[in-house]
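# Secondary and tertiary structure notes
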Amino acid sequence: MSVKKIDSPEFQDAIKSGVSVVDFNATWCGPCKMLAPVLESLSEEMAGKAAFYAMDVDDNPDIAQQFGIASIPYVAVFKDGQKVDEQVGFVPQPQLKAFVERNL
Amino acid sequence: MGKRYDVAIIGTGPAGVSAAITATVRNKSVLLLGSASVSDKVSKAHMIQNYPGLPDIPGQELAQHFLDHLKKMEIPITDRKVTMIYAMGDYFSLQIDQEFVEASAVILAIGVSFGKPFPGEDENLGRGVSYCATCDAALYRGKEAVVVGYAPKEEADVRFLAEMAQKVTYIPVYKKEDAAAMAPELFPDRPNVEVKQVKPLGIEKRDGRMVLATDGGEISADGIFLLRESVSPGKLVPGLELDGNHVKVDRKMATNLPGLFAAGDITGTPYQYVKSAGEGNVAALSAVSWIDSLKK
Ligand SMILES: Cc1cc2nc3c(=O)[nH]c(=O)nc-3n(C[C@H](O)[C@H](O)[C@H](O)COP(=O)(O)OP(=O)(O)OC[C@H]3O[C@@H](n4cnc5c(N)ncnc54)[C@H](O)[C@@H]3O)c2cc1C
């Protein structure tokens, strides 16, 4: 598994079933760049438990607006289409893993 | 700055200087970040009576001894502020403005000069309060933002944000010596920036808007940016475990993040030069063991 980059047309379908982790980011945000490899590694570690996606807020302002995202990186966990938790800012992998696991 | 350092030491007070000396003696590559004039807490002390071997030494002279010692050991000071430290797993990435530097170990020796957060700041961080204008500017397209800037260099971020935001209210809260550099018309080319000379007091979320209380009345906007000179350790290092306002360490000066050590005032009272220098020494030796264990 790895982190799949998606845009708003694919969004609803991507999060519709199971546990999905969506990383909202932008190309010019330093903390987002640092979080990307952490998510990539976590997606391998948690393969089969959760699906990982990445969305650029610059390309998808509608989704960013919908979730009232005010700071990035913003990582949201969705369960069968419903947002159940969020995490704002960079976090090291062990903490990020704990965050996803408590929402499984 | 492409290579990965063995250890990055942040802070050039007695803790950081001592750590840099010991890590260098142990043949590790060191990146020492801080101030070219060492630390105000050293250079501005009138007379120091309890530094072993140097009785009744003015702070200015102790600072000079520190600089001479670093020079003799060929350890340069990189006079830059670290804005974020990311624990990447088996290494750390340090953000210095828009640049990134890598190190296998980090010693945090930043002292305790950061101020208290505003009431309402911590609760709304990431939910309307941000410390990074260049990170979050895209989210303010067509919206209103308030920026509180603690140094003239933040004016560049205000310009950047004003390209996206519909309106930016800029509140410069500079030190006295910097205030002179502040032109009355800071942004002649940015008509959507309004400069207000007020003192921020607190932050509140009301009806989905962020409200900044000041001594000149309330200012409401979609978001508030606080661009400070120094940030508290928990915000500098995401994921770092604290003990009140200090960094939680064990006797090896290890924090909860493997490979990250802390020393000096930042680990707690007593606030003393020799205690700081001693902890810097311990932190450096612990970092050396950590680096050696990585190479096995
Ligand atoms: C007026 C005065 C008199 C004192 N007298 C005595 C005395 O007689 N005896 C005694 O034992 N103690 C005394 N102290 C206490 C002593 O100053 C401190 O305990 C000591 O300086 C702490 O050292 P430190 O290395 O932990 O941090 P500091 O000396 O505070 O140094 C912190 C360093 O970190 C750097 N820094 C901070 N943030 C960043 C960042 N983000 N990026 C890069 N660099 C950063 C700063 O530039 C600075 O170089 C006195 C303090 C004061 C203010």
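These figures come from a predicted structure and were not determined experimentally.

Attention now moves to the environment of Met73(B). Residues and elements named next belong to chain B. Mapped onto the elements, methionine 73 comes out in the loop between helix H3 (59-72) and strand S3 (77-78). Spatially, the C-alpha atoms of methionine 73 and leucine 240 are 31 Å apart, while their sequence positions differ by 167 residues. With residues up to four places along the chain from it excluded, the contact list for methionine 73 reads Ile21, Thr24 and Val25.

Quick look at the nonpolar core now. Core analysis: the largest hydrophobic core is formed by 42 residues, its most contacted members being Phe11(A), Phe24(A) and Ile72(A). At 4 residues, helix H6 (residues 155-164) of chain B tops the list of elements feeding residues into this core. Beyond its immediate stretch of four places on either side in the chain, Phe11(A) contacts Ile6(A), Val22(A), Phe24(A), Met55(A), Ile63(A), Phe67(A) and Phe78(A). Of all hydrophobic cores here, the second largest spans 32 residues; its members include Ala20(B), Leu32(B), Leu70(B) and Ala283(B).

Once that is clear, we can look at the packing of helix H1 (residues 14-25) of chain B against helix H9 (residues 273-295) of chain B. Residues and elements named next belong to chain B. Two elements in contact, H1 and H9, have axes separated by 7 Å at closest approach and are oriented at 35°. Between H1 and H9 lies a crossing whose hand is right-handed. On the side of H1, the interface is formed by Pro14, Ala15, Ser18, Ala19, Thr22 and Ala23, while H9 contributes Tyr273, Ser276, Ala277, Gly280, Asn281, Ala284 and Leu285. Among the residues forming the contact of H1 with H9, the class breakdown is 8 nonpolar, 5 polar and no charged.

This part covers the domain arrangement of chain B. Split into domains, chain B comes out as domain 1 (4-114 + 230-294) and domain 2 (122-227). Spacing between the C-alpha centres of domain 1 of chain B and domain 2 of chain B amounts to 31 Å.

Once that is clear, we can look at the state of the cysteines. Working definition of a disulfide: a covalent bond connecting the sulfur atoms of two cysteines. Residues and elements named next belong to chain A. Evaluated as defined, the whole model comprises 1 disulfide over all chains. Between the sulfur of cysteine 29 and that of cysteine 32 lies a disulfide, 2.2 Å long from S to S. Of note, the bridge from cysteine 29 to cysteine 32 carries an S-S torsion of about 85° and is right-handed in sense.

Rules of the game
- Residues numbered from 1 in each chain as written.
- Chains lettered and ligands numbered in written order.
- Predicted model: local features only at pLDDT ≥ 70, side-chain atom pairs only at ≥ 80, totals over all residues.
- Heavy atoms only, no water.
- Helix = DSSP H or I, 4+ residues; strand = E, 2+ residues; numbered from the N terminus.
- Contact = heavy atoms within 4.5 Å.
- Core = buried A, V, L, I, M, F, W, Y, C linked by side-chain atoms within 4.5 Å.
- Buried < 20%, exposed > 50% of the residue type's maximum accessible area, 1.4 Å probe, protein only.
- Axes fitted to C-alpha atoms, helices over the stretch in contact; angles between N-to-C directions.
- Left-handed = near helix turned anticlockwise from the far one by under 90°.
- Nonpolar A, V, L, I, M, F, W, Y, C, P; charged D, E, K, R; others polar.
- Domains from an automatic or database assignment.
- Disulfide = S-S within 2.5 Å.

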